[in-house]
Amino acid sequence: MSQEAFSTADAQGYFSRMLRGETPPAPVLTLLGSRIIAVDAAAGSLSARYEAQANFRNPAGTVQGGMLSAMLDDLTASLVDATLAAGQGVATLNLNVSFLRPAQVGTLQGEARMLRRGRDVCHAMGTLLQDGKEVATAVAVCKIVSVPS
């Protein structure tokens, strides 16, 4: 994906450096098969893809809800992270997830949008889709924290 699809608040922030490959992504992003497709911090939107692996299945054979929750947590927190300056990080305070239909092993499309961006607290909404149908949604409350440089 071209760099034009990535518009973050601070080119020196962690999220921007990660997108450029200057710092490694968190191991959980590799586990989830996370790939950022587009981000526009000013507009408050982010798109990503996730790869649900066979070992994410529950006894019913569908993707376990905790794995979908982890994807939604990443999706919403990543959007908040894209709005931060260098030296700032994000911590999820609350994640309210609604499961709408079973998800199958394979690709899930994630869409996030900022509902409210405050000085210390942000509210973001995330949606996971599979084959064009909503699978799960979440509203996250995230705190902006200072991180050591």
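Residues numbered from 1 in each chain as written. Predicted model: local features only at pLDDT ≥ 70, side-chain atom pairs only at ≥ 80, totals over all residues. Heavy atoms only, no water.

Details of the sheet that holds strand S1 (residues 6-7)
Strand order in the open sheet formed by seven strands is S1-S2-S3-S5-S6-S7-S4, and the pairing between neighbours is mixed. For this open sheet the edge positions go to S1 and strand S4 (88-99), each flanked by a neighbour on one side alone. Summarising the sheet, strand S2 (residues 35-40) and strand S3 (residues 45-52) pair through five bridges and their orientation is antiparallel. Residue pairing for S3: Ala-38 is matched across the bridge by Ser-47. Where helix H3 (residues 65-82) meets the sheet, it contacts S2, S3, S4, strand S5 (106-117), strand S6 (121-130) and strand S7 (133-146), and its direction lies at approximately 140° from that of S4. (Pairing = 2+ DSSP bridges. Helix = DSSP H or I, 4+ residues; strand = E, 2+ residues; numbered from the N terminus. Contact = heavy atoms within 4.5 Å. Axes fitted to C-alpha atoms, helices over the stretch in contact; angles between N-to-C directions.)

Some details on the nonpolar core
The biggest cluster of nonpolar side chains holds 38 residues, and the ones touching the most others in it are Phe-15, Leu-46, Leu-68, Met-71 and Leu-108. The set of elements that each furnish at least two residues to this core consists of helix H1 (14-19), helix H2 (27-32), S2, S3, H3, S5, S6 and S7. Sort the elements by how many residues they give to this core and H3 lands first, with eight residues. Leave out the neighbours within four places in its chain, and Met-71 touches Leu-32, Tyr-50, Ala-52, Phe-56, Leu-108 and Leu-128. (Core = buried A, V, L, I, M, F, W, Y, C linked by side-chain atoms within 4.5 Å. Buried < 20%, exposed > 50% of the residue type's maximum accessible area, 1.4 Å probe, protein only.)

A look at empty space enclosed by the protein
Under the criterion given, the structure shown has one cavity of 30 Å³ or more. Approximately 50 Å³ is the volume attributed to the largest cavity. Taken together, Thr-8, Ala-9, Asp-10, Gly-13, Tyr-14, Phe-15, Ser-16, Asp-81, Ala-82, Leu-84, Ala-85 and Gln-88 form the lining of the largest cavity. Put simply, the parts of the chain that give the lining of the largest cavity at least two residues each are H1 and H3. (1 Å grid on protein atoms, 1.4 Å probe; cavity = no way out; pocket = protein on both sides within 12 Å on 5 of 7 lines; lining within 4 Å. Points joined across faces, edges and corners; volume = space filled by probe spheres on them.)

Topic: the side chain of Thr-23
For Thr-23, the position within the fold is in the loop between H1 and H2. Apart from the residues within four sequence positions on either side, Thr-23 is in contact with Tyr-14, Arg-17 and Met-18.

Read these as layout, nothing more, since geometry by itself doesn't imply function.
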